[in-house]
Amino acid sequence: MPKNEVPNDIQAMSFEEALDALKQIVAKLEQGQGALDSAIEDYERGAALKRHCDQKLREAQAKIEKISLSADGTADTTALDVD
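Note that the coordinates shown come from a computational prediction; the quantities given were computed from them, not determined experimentally.

**Some details on the pattern of salt bridges**
Turning to step 1, where the next piece is worked out: Applying the stated criterion across every chain yields a total of 3 salt bridges.
Turning to step 2, where the next piece is worked out: Note that D9 and R45 form a salt bridge whose closest N and O atoms lie 2.9 Å from each other. Taken together, the residues span a long stretch of sequence, with D9 in helix α1 (residues 8–11) and R45 in helix α3 (residues 36–63) at a distance of 36 residues.
Turning to step 3, where the next piece is worked out: On the accessibility criterion, D9 (43% relative accessible area) is partly exposed.
Turning to step 4, where the next piece is worked out: You can call R45 partly exposed: its relative accessible area is 29%.

Here is what the cut-offs are and how they apply
- Residues numbered from 1 in each chain as written.
- Predicted model: local features only at pLDDT ≥ 70, side-chain atom pairs only at ≥ 80, totals over all residues.
- Heavy atoms only, no water.
- Salt bridge = Lys/Arg side-chain N within 4 Å of Asp/Glu carboxyl O.
- Helix = DSSP H or I, 4+ residues; strand = E, 2+ residues; numbered from the N terminus.
- Buried < 20%, exposed > 50% of the residue type's maximum accessible area, 1.4 Å probe, protein only.

Dropping the structure here:
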């Protein structure tokens, strides 16, 4: 699998599910127990989970709009600048 590709099982996760899975992996890695091969696999899965969470956040950010009222009372929407 290419380095930046996200596995199908992770793509099917919601943001919250992926974040919870990532937290579990981080906690496991912080304990420092287990085989090196297992730690490497966990790290790679954690990286894929992070990419998935980042993508979900970018998608949500793109949907956010700022609603403003003009002087005549009509509503207008513009993309929200969150940077």
